[in-house]
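Residue-level structural notes
The primary structure of each chain is shown beneath.
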Amino acid sequence: MNLKDRTIIITGASSGIGEATAKKLASEGANVVLMARSKDKLNTIKDTIETHGGKALVVDGDVTKTSDFENAVSKTVDTFGSVDGLINNAGLMPLSYINKLKTEEWHTMVDVNIKGVLNGVAAVLPKMIDNKGGDIINVSSMAAHRYFPGGAVYCATKSAVKMFSEGLRQELTPKYGINVTSIEPGAVATPLTDTITDEDIKDNMKDMMGMTTLEPEDIANAIHYALSQPKRVNINDVYIVPSDQQ
Ligand SMILES: NC(=O)c1ccc[n+]([C@@H]2O[C@H](COP(=O)([O-])OP(=O)(O)OC[C@H]3O[C@@H](n4cnc5c(N)ncnc54)[C@H](OP(=O)(O)O)[C@@H]3O)[C@@H](O)[C@H]2O)c1
């Protein structure tokens, strides 16, 4: 399906996968709404998109705040007239071993990675039901399939997103024509690991240097693939890893 003039909100659009996705979807004709907390970065990305002939709107906001999502939806409708898609991509990965009891980081991951997704769905759903359709794409992870050291809480959040996506699909797709996809990437070259404070995990990360990673554009292409199917096709899960990753 053609993305031309479809309006899609992308959370975590200031960096990595979200930024690459915004640029890809805009290049395919979608109106993209860029949401994250770093307004300056979003404005730079909007400028780049517009330089290439695309259409973008910046709405700075925190996915843990329902009022920020409501504001994003309202500005989106004022500017482009509708909300056709939501890509719940914002996320954090401050990995740590459980015995370090970095409970503040655990709670932040739950707030952003899980509750942020719930907030996004709650904000767009009334519009999508009124419109009799839409697309919701949730960026989960390979971490929903397997635990890795220091990832107990992160993997739990991404498992929650994967299962929530399946629940959404079963309840919304047949009844309301809202297609739902869970995207589950392996390692992607982005600044995601920058939030790690556990020194032992940082040491482990050094061992992983040199491992092949996907590029954010690879995930953007997978998201575009899911969005561009005919309405009758729901891509449930896209599990995408570097070809040499176990
Ligand atoms: N990189 C990987 O290997 C990998 C693998 C599997 C899944 N993922 C998932 O992919 C998604 C994107 O991550 P990435 O790799 O592209 O990392 P990234 O470059 O660090 O991007 C994370 C994005 O999330 C935003 N964000 C964080 N907290 C937020 C909040 N409270 N409200 C709004 N936005 C917030 C950040 O923007 P601001 O700081 O400006 O708010 C940033 O745009 C995440 O959900 C991650 O778990 C990544």
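Our subject is the structure that appears above.
Attention here is on the structure that accompanies the text.

Analysis parameters
- Residues numbered from 1 in each chain as written.
- Predicted model: local features only at pLDDT ≥ 70, side-chain atom pairs only at ≥ 80, totals over all residues.
- Heavy atoms only, no water.
- Phe/Tyr/Trp six-rings, centres within 6.5 Å; stacked < 30°, edge-to-face > 60°.
- Helix = DSSP H or I, 4+ residues; strand = E, 2+ residues; numbered from the N terminus.
- Buried < 20%, exposed > 50% of the residue type's maximum accessible area, 1.4 Å probe, protein only.
- Contact = heavy atoms within 4.5 Å.
- Polar contact = N/O pair within 3.5 Å; in protein donor to acceptor, adjacent residues only side chain to side chain.
- Axes fitted to C-alpha atoms, helices over the stretch in contact; angles between N-to-C directions.
- Parallel < 35°, antiparallel > 145°, perpendicular 65-115°, else oblique.
- Left-handed = near helix turned anticlockwise from the far one by under 90°.
- Nonpolar A, V, L, I, M, F, W, Y, C, P; charged D, E, K, R; others polar.

1. Examining the packing of aromatic side chains
Counting across every chain of the model gives one aromatic pair. An angle of 50° between the planes, with centres 6.3 Å apart, marks the rings of Phe148 and Tyr154 as tilted.

2. Observations regarding the environment of Asn89
Here Asn89 shows up in the loop between strand E4 (85–88) and helix H4 (103–131). Of the residues examined, Asn89 reaches a relative accessible area of 10% and is grouped as buried. Placed 80 residues apart in sequence, Asn89 and Ile9 show a C-alpha to C-alpha distance of 10.0 Å. Discounting residues that sit within four places of it in the chain, Asn89 has contacts with Thr11, Gly12, Ile17, Gly18 and Val139. At a separation of 3.2 Å, a polar atom in the side chain of Asn89 contacts the main-chain carbonyl oxygen of Gly12.

3. As for the packing of helix H1 (residues 16–27) against helix H7 (residues 216–227)
Relative orientation of the contacting elements H1 and H7 amounts to 50°, with a least axis distance of 8 Å. As summarised for this structure, H1 and H7 are arranged oblique, according to the angle between their axes. The way H1 lies across H7 gives a crossing that is right-handed. Of the residues in H7, those in contact with Gly16, Ile17, Ala20, Thr21, Lys24 and Leu25 of H1 are Pro216, Glu217, Ile219, Ala220, Asn221, Ile223, His224 and Leu227. Residue classes in the contact of H1 with H7 are distributed as eight nonpolar, four polar and two charged.

Geometry only, nothing functional implied.
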